[in-house]
Amino acid sequence: MQIPVETLERLNSRCKRIADPGVNIEQLRRESESTRKDWWKEIEAIKSEYSALPYDRDKFLESNIALAKLKLVVAALESGEKPPDGHGFRQEEIDFLQEFEQFAIYDRLSEEDIKHYIKAGDDQRGIIKLAKQASAGGYDQIYKVMERRNIPADLALALQRIYRERISKMEAATSEFRLSDLAREVEMVEAKGGVTGQEVQLVEQSYIAELDTRLKQVKGELKFKKIKKFDRLKRIHAELKTIKPTSMGHLKETVPHGLGIRAVAKKRKLFIFSNTFLLLEVRVLSDYKQLHLSGRDMERTTPGELMLHVEEVAPKAKGDTYVLALAATPGWSDQAIERIKQVGSLYPNLRVVLIDLKDKEMHYEHDDKLERILPYLKPKS
């Protein structure tokens, strides 16, 4: 038995308004935190009432609830607020919506307008940059992107149903970019830029060797113990061979090995005793996919890549302070640097340092413990 129409319309009212494409994340951020919290409570009450109804399930209502809740979570995170407790969304879903929101400008253009900008090579409004991003992300088949990221069925339905016009335009932009002469020109320009895999290997090896020496020579009340170097080459090989078949031997010669160091920082207490001050893990990151496909390390590292590493080490950051230093050979995107602020609210014992090995810079949120070890992490200028 279906839910009565008047009941369904009442339950759908708030969720449908928030899920609507006309309400973007920036608009939600402009609302007060208390207003957004009230909406969250209202949607939670709607969900509870719906769950208790003795009727058939309604996929459209469920999808509206899922998307409305996700948009409120993302709005909270982008406003530097703590998201609702137990919201249940994974970082993959949050990242997907944030990426998807970048294409909001397409809502104001027709498919023909978008194709015109791409053909003309006019990127004053960022249309071509977005088309390139859509092409690289495989957005010409967005349902496959959702499957690959394991986006839940209710959320996938909401995005494909509510944002079908935007998705259609993204698909058109992707196709046009791939067919356009501009795509080939961009590839030629990029092939001349960046650095080769062998050059990146030297940068990676040099930084880790330098760091290893520094940590072993620390004097004073702070001392590093259990210093251990590692690499992630097997994992990198497993990922890259699915994109383009390659042997481990060939990969060793053409891409960096994902080197890193783990150590325990001890603080001297009295004469012979010491306490754990913090746990340190340093990882060097590169644009492995581009190095594998084109032999060049070009794209600045994204917030999605940052959060993959954060979530991987988060279970370790439950007791002592855990410092994760991520050193990117091509540097970090502005969005990734901004994302550091969210990590502390999600994982209180985790501190993240983003190290730009290209521009020799470091980005972090100030912390007393962190300040003590930053001089050891800073790359040589």
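The structure under discussion appears in the preceding block.
Throughout what follows, the structure given in this document is the object of discussion. In this text, all values refer to a predicted model and were calculated from it rather than measured experimentally.

What counts and how
- Residues numbered from 1 in each chain as written.
- Predicted model: local features only at pLDDT ≥ 70, side-chain atom pairs only at ≥ 80, totals over all residues.
- Heavy atoms only, no water.
- Helix = DSSP H or I, 4+ residues; strand = E, 2+ residues; numbered from the N terminus.
- Buried < 20%, exposed > 50% of the residue type's maximum accessible area, 1.4 Å probe, protein only.
- Contact = heavy atoms within 4.5 Å.
- Lys, Arg positive; Asp, Glu negative; His and termini not counted.
- Charge placed at Lys NZ, Arg CZ, Asp CG, Glu CD.
- Salt bridge = Lys/Arg side-chain N within 4 Å of Asp/Glu carboxyl O.
- Phe/Tyr/Trp six-rings, centres within 6.5 Å; stacked < 30°, edge-to-face > 60°.
- Lys NZ or Arg CZ within 6 Å of the ring centre and 35° of its normal.
- Axes fitted to C-alpha atoms, helices over the stretch in contact; angles between N-to-C directions.
- Parallel < 35°, antiparallel > 145°, perpendicular 65-115°, else oblique.
- Left-handed = near helix turned anticlockwise from the far one by under 90°.
- Polar contact = N/O pair within 3.5 Å; in protein donor to acceptor, adjacent residues only side chain to side chain.
- Core = buried A, V, L, I, M, F, W, Y, C linked by side-chain atoms within 4.5 Å.
- Expected span 1.5 Å × (residues − 1).
- Arc of directions from axis to C-beta.

## Let's talk about the overall build of the chain
Piece 1. When its secondary structure is counted, the chain shows 18 helices and eight strands.
Piece 2. Looking at the chain as a whole, 46% of its 381 residues qualify as buried.
Piece 3. If you take every contact in the chain between residues at least 6 apart in sequence, the share linking residues at least 24 apart comes to 74%.
Piece 4. The distance from the centre of the 66 positive side-chain charges to the centre of the 62 negative ones in the chain is 7 Å.

## Focus: the pattern of salt bridges
Piece 1. For the structure shown, the criterion picks out 26 salt bridges.
Piece 2. Taken together, the salt bridges that share partners define one network made up of R235, E239, R262, E281, R283, E312 and K316.

## What about the packing of aromatic side chains?
Piece 1. Applying the stated criterion across every chain yields a total of four aromatic pairs.
Piece 2. When the ring of F96 is compared with that of F100, the centres are 6.0 Å apart and the planes differ by 15 degrees; the resulting orientation is stacked. One end of the pair, F96, and the other, F100, are both in helix α5 (residues 91-101), four residues apart, so they sit about a helical turn from each other. This pair shows no difference in class: F96 is buried, exactly as F100 is.
Piece 3. Between F100 and Y163 the ring centres are 5.2 Å apart and the planes differ by 85 degrees, which places this aromatic pair in the edge-to-face class. A residue pair is termed long-range when its members are at least 10 positions apart, and F100 in helix α5 and Y163 in the loop between α9 (153-162) and α10 (164-179) qualify at 63 residues. Each of the two residues, F100 as well as Y163, counts as buried.
Piece 4. Aromatic rings pair up to connect F96, F100 and Y163 into one cluster.
Piece 5. The lysine or arginine in question, R262, covers the ring of F230, its NZ or CZ lying 3.9 Å from the ring centre.

## So, unusual backbone geometry
Among all residues except glycine, the phi angle is most often negative; among peptide bonds, the trans geometry is most common.
Piece 1. Of note in this structure, N150 is not a glycine but carries a positive phi near 55 degrees.
Piece 2. By the secondary structure assignment, N150 is in the loop between α8 (142-148) and α9.
Piece 3. The residue K360 is not glycine, and still its phi comes out positive at about 60 degrees.
Piece 4. By the element assignment, K360 lies in the loop between β7 (350-356) and β8 (361-364).

## Overview of the packing of helix α4 (residues 59-78) against α9
Piece 1. Packing of α4 against α9 brings their axes to within 8 Å, and their N-to-C directions diverge by 90 degrees. Comparing their axes, α9 and α4 come out roughly perpendicular. When α4 is examined against α9, the residues K59, F60, E62, S63, N64, A66, L67 and L70 are found in contact with a partner set consisting of D154, L155, L157, A158, L159, R161 and I162.

## Topic: the packing of α5 against helix α17 (residues 334-346)
Piece 1. Viewed as axis vectors pointing N to C, α5 and α17 meet at an angle of 150 degrees, and their least axial separation amounts to 15 Å. Here α5 lies roughly antiparallel to α17, going by the angle between them. Both α5 and α17 take part in a crossing whose hand is right-handed. Where α5 abuts α17, its residues Q91, D95 and Q98 lie against R339, Q342 and L346.

## Looking at the environment of D107
Piece 1. Counting through the fold element by element, D107 comes out in the loop between α5 and α6 (111-120).
Piece 2. Along the chain, D107 and P21 lie 86 residues apart, while their C-alpha atoms are 8.4 Å from each other.
Piece 3. If we skip the residues at most four places from it in the chain, D107 touches P21, R166 and K169.
Piece 4. Looking at D107, its side chain comes within polar contact range of the side chain of R166, at 2.6 Å.

## Considerations on the side chain of E281
Piece 1. On the secondary structure map, E281 appears in strand β4 (residues 273-285).
Piece 2. In this structure the side chain of E281 is engaged in a polar contact, spanning 2.4 Å, whose partner is the side chain of Y322.
Piece 3. Once residues within four sequence positions are removed from consideration, E281 is found in contact with F230, I261, R262, V313, K316, Y322, V323, L324 and A325.

## What to know about the side chain of E176
Piece 1. Locating E176 in the fold gives a position in helix α10.
Piece 2. With no salt bridge to any partner, buried E176 finds its closest opposite charge in K119, at an N-O distance of 4.3 Å.
Piece 3. Those residues in contact with E176 that sit more than four places away from it in its chain are K115, I118 and K119.

## Observations concerning the nonpolar core
Note that soluble globular proteins tend to have their nonpolar side chains buried in a common cluster.
Piece 1. Counting residues in each nonpolar core, the largest one holds 57 residues, and the members touching the most others are L67, F96, F100, Y106, I142, L155 and L159.
Piece 2. Those residues within four positions of L155 in sequence are excluded, and the remaining contacts are A66, L67, L70, F89 and E93.
Piece 3. If you look at the next biggest cluster of nonpolar residues, it comprises 26 residues, including A265, L280, A327 and I373.

## Looking at helix α3 (residues 33-52)
Piece 1. In this model α3 runs 29 Å from its N-terminal to its C-terminal C-alpha over 20 residues, within 8% of the 28 Å that 1.5 Å per residue would give.
Piece 2. Those residues of α3 that fall on the buried side of the exposure criterion are R36, W39, W40, I43, I46 and Y50. In an axial view of α3, the angular spread of the buried residues amounts to 125 degrees, which keeps them on one side of the axis. Seen from the open side of α3, the exposed residues pointing more than 90 degrees away from its buried face are K41, S48 and A52.
Piece 3. Packing partners of the buried residues in α3 comprise α1 (5-19), α2 (25-30) and α4.

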